[in-house]
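Observations on the three-dimensional arrangement
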Amino acid sequence: MQVCPYLEYAFSILGKKWNGLILHDLSLCPDGAAHFSEILKDLPDITPRALSLKLTELAENGFLEKQVTAEPAVVITYRLTEKGRALTAALGPVQQWALQYRDR
């Protein structure tokens, strides 16, 4: 039996620590966008370095876009792309499954 390449691709993204939680967190934000510090506050167990690496990886793979605004201070906003929003839609059923079976 051969592994489905599409499922393998999905798990190559979601199987990495923090990726699913970062995408889910952004999906809960207005316009699917948040600043680094907001994401860090929402995911208190991730280190700033790990968050930075994961955001860069997700942006490089087209799930997020990084917007840099030069105000009095530089402000960086991360926003879900269409690809990222499509993946977060698939997380709802996974969340429902975990709700049903986690404590069994």
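Residues numbered from 1 in each chain as written. Predicted model: local features only at pLDDT ≥ 70, side-chain atom pairs only at ≥ 80, totals over all residues. Heavy atoms only, no water.

**What about the pairing of strand β3 (residues 74-80)?**
We apply this condition: The rule for pairing is simple: two strands pair if DSSP sees at least two bridges between them. Each helix is a run of DSSP H or I of at least 4 residues and each strand a run of E of at least 2, with the numbering of both proceeding from the N terminus.
Sheet topology note: the strand β1 (residues 33-35)/β3 ladder contains 3 bridges and is antiparallel. Among the inter-strand pairings, His 35 is bridged to a residue of β3, identified as Thr 77. Taken together, the 7 bridges between strand β2 (residues 64-70) and β3 define a ladder with antiparallel strand orientation. Bridging across to β3, Gln 67 finds its partner in Thr 77. Hairpin connection, β2 to β3: the antiparallel pair is bridged by 3 residues.

**Comments concerning the UniProt feature "domain: HTH hxlR-type" (unreviewed entry) in the protein**
As a reminder of what qualifies: UniProt positions are given in the numbering used here, feature names are shortened, and annotations may be inferred rather than shown by experiment.
As annotated by UniProt and renumbered to match this structure, "domain: HTH hxlR-type" (unreviewed entry) occupies residues 4-104. Between the end C-alpha atoms of residues 4-104 the distance is 28 Å, and the span holds 58% helix and 17% strand.

**So, the pattern of salt bridges**
Basically, it comes down to this: Put simply, a salt bridge is a Lys or Arg side-chain nitrogen that is within 4 Å of an Asp or Glu carboxyl oxygen. Relative accessible area decides the class of each residue, using a 1.4 Å probe on protein chains only: under 20% of the type maximum gives buried, over 50% gives exposed, and in between gives partly exposed.
Under the counting rule described, the total for this entry stands at 4 salt bridges. Put simply, Glu 57 and Lys 16 hold a salt bridge, and the shortest N to O gap is 2.7 Å. Here Lys 16 lies in the loop between α1 (5-14) and α2 (19-27) and Glu 57 lies in helix α4 (residues 48-60), a separation of 41 residues in the sequence. One salt bridge in this structure joins Asp 103 and Arg 102, with 3.3 Å as the shortest N-O distance. Asp 103 gets classed as exposed once you look at its relative accessible area, which sits at 67%.

**Let's talk about the side chain of Asn 19**
To be explicit about the condition: Note on definitions: a residue-residue contact is assigned when non-hydrogen atoms from the two residues lie within 4.5 Å.
Residue placement: Asn 19 occurs in helix α2. Asn 19 gets classed as buried once you look at its relative accessible area, which sits at 0%. Not counting chain neighbours up to four residues away, the residues in contact with Asn 19 comprise Ile 13, Lys 54, Glu 57 and Leu 58.

**Some points on the layout of surface pockets**
The line we're drawing: For cavity detection a 1 Å grid was placed over the protein atoms alone, and a set of points counts as a cavity when a 1.4 Å probe fits there but cannot get out; an open set counts as a pocket when protein lies on both sides within 12 Å along at least five of seven lines, with lining residues being those that have an atom within 4 Å of a point. Grid points are joined across faces, edges and corners, and a volume is the space filled by probe spheres set on the points. Each residue is assigned to one of three groups, with Ala, Val, Leu, Ile, Met, Phe, Trp, Tyr, Cys and Pro labelled nonpolar, Asp, Glu, Lys and Arg labelled charged, and all others, Gly among them, labelled polar.
The volume enclosed by the largest pocket comes to roughly 280 Å³. Mapped by element, the contributors of at least two residues to the lining of the largest pocket are α2 and α5 (82-101). For the lining of the largest pocket, the element with the most residues is α5, which contributes 6 residues. Here the residues of the lining of the largest pocket sort into 4 nonpolar, 5 polar and no charged.

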